[in-house]
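A structural walkthrough
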Amino acid sequence: MKLVSLYMLPGLVSLFWAAMHLLMARKSPTYRILQLLILTVTITTLGDLVLAEIAEAKWAALLLMQFMAPALIPLTCLYFSHLWKGYRHRSIQMVWIIFPVMLFTANLILTGALGIKGTEALLGRIITAEKVGMLSLTGMERAYYIWSFIIFRIVMMLEFIFIAGYIVYVGIGIRYKLAHLRDFLVHKRRARLLELQLTLVAVILMGLGAKIFLHPLLLRLPILTNSLIIGVSALEFLFFFLGMFGTREFVSLPDVSTCFRFNYNRDNAAQHAADVIMDMVPMLRGEALTQLLSRLEVQAGAENPGRNIGNKGKGNTLTATIMGNTQASGGEEGDLLARFQRLMLDEQLFLQPSITLTDVAERLHTNKTYISRMVNQNYNLGFPEVLNILRVDYAEQYIRKHPDANQEDIAKACGFLSASSFNSTFKRITGYTPKVWAAHIK
């Protein structure tokens, strides 16, 4: 009974994380595919145990395993595709489902032909036999053995080979994956989420392969079986925990504390909130950062004295954030970037509604391809997005200066072609419509 209880460990771990992800990670871009993977692991592990050991229906446990085990690896690949590129699979790529359906159907037909008692007796002989040659199999029993054991193992072996190649293809620096895992666990260093989870999957699948291909040996060595179950469960726990971080690029062991930051009291609530925001700021880019700043300003309910139209944008919160967050070094590129910023901030070229990248390139005596690449590299934004952020920032100042101006006048003054374009762009960047934003700052 102790061994049966230990067998429940992987299933209970996955069941626990199914509940945690349901409660805490429903907005993660990987939530649905990861939840499907977790539930598949839960059904495979607990279902196999309940049917085989508790209900003593090994034939039903084998049917379940024939369908669920071949589905685990393709689901894992789909999860990594989402994590790697935010990839969304197409229906044609679900053709892998033919393998578990084929194995399940063949096994079900042969079980019906042999009968439940006959199938149970055959499984008992197969499990206890030292060698397959020692078995005396009839035609139907031989077919059952071929489909349920030989073909099943061939399918699993092909899937193992496939995911091994997939891990090499997706992973960067495959040779260093175990070193990354060691640095993450032992030295508490930051590591790539994708690298960590690929490593964990590789090791977990080795354990799954041992269960499938070395099952008779494991039955005779309880210590090895127990160690395998405990090790796989621990790695499974870490894998599903890392899934809580969604598509975050880097994680570290101290990031565990971010899962418990709502555990505060009145004295340290403000500090916890500040810590959470500072953890998230490095991941903000472009419009997301400007929207955060704008919303924080509205929440404060007071006008920032540093924001005024007379300074031509140099002291603006949003403008300073975008224009000040550059990565260019010195030399020709640094000089071009400085001239681009002067053109935007001092001459306020963004206020011209019809300004294009070609116009800017002509003013800077270079080509538009080079300007476009420079803007992307230094601001993590495209040229149109930079213009829109500068215009919205200027619009915020203009509204403060002219609280009674209508949207047509504001749009015209800030370089927008129409009031509707101004309204939609302002809401997208700040999170508020101009009217709501203006009402909040009064």
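Residues numbered from 1 in each chain as written. Predicted model: local features only at pLDDT ≥ 70, side-chain atom pairs only at ≥ 80, totals over all residues. Heavy atoms only, no water.

1. Structural notes on the pattern of salt bridges
- This model, assessed by the stated rule, comprises 2 salt bridges.
- Here Asp335 ties to Arg339 by a salt bridge, and the two come within 3.3 Å at their closest N and O atoms. Highlighted residues: Asp335 and Arg339, both in helix H15 (residues 331-345), separated by 4 residues, approximately one helical turn.
- Among the residues examined, Arg339 registers a relative accessible area of 27% and is labelled partly exposed. (Salt bridge = Lys/Arg side-chain N within 4 Å of Asp/Glu carboxyl O. Helix = DSSP H or I, 4+ residues; strand = E, 2+ residues; numbered from the N terminus. Buried < 20%, exposed > 50% of the residue type's maximum accessible area, 1.4 Å probe, protein only.)

2. Topic: the confidence of the model for the protein chain
- Mean pLDDT over the protein chain works out to 76, with 72% of the residues at or above the 70 mark.
- Across the protein chain, helix H19 (residues 407-413) holds the top mean pLDDT of 91, while helix H14 (residues 317-324) sits lowest at 56.
- When the criterion is pLDDT under 50, residues 302-316 qualifies, and its contacts beyond four places in sequence or with other chains add up to 31 contacts. (pLDDT = per-residue confidence, 0-100. Contact = heavy atoms within 4.5 Å.)

3. Some points on the side chain of Ser233
- Residue placement: Ser233 occurs in helix H11 (residues 222-242).
- In terms of polar contacts, Ser233 uses its side chain to reach the backbone carbonyl oxygen of Ile229, at 2.7 Å.
- Aside from chain neighbours lying at most four places away, what touches Ser233 is Leu9, Pro10 and Val13. (Polar contact = N/O pair within 3.5 Å; in protein donor to acceptor, adjacent residues only side chain to side chain.)

4. Here we look at the nonpolar core
- Trp17, Phe80, Phe239 and Leu242 are the most contacted members of the largest nonpolar core, which totals 50 residues.
- Elements with a contribution of two residues or more to this core: helix H2 (9-24), helix H3 (31-54), helix H4 (58-85), helix H7 (139-170), helix H9 (193-213) and H11.
- No other element matches the 11 residues that H4 contributes to this core.
- Leave out the neighbours within four places in its chain, and Leu242 touches Phe184, Leu193, Leu196, Gln197, Leu200 and Val251.
- Core analysis: the next-biggest nonpolar cluster, separate from the first, contains 39 residues, Leu345, Leu364, Met374 and Tyr394 among them. (Core = buried A, V, L, I, M, F, W, Y, C linked by side-chain atoms within 4.5 Å.)

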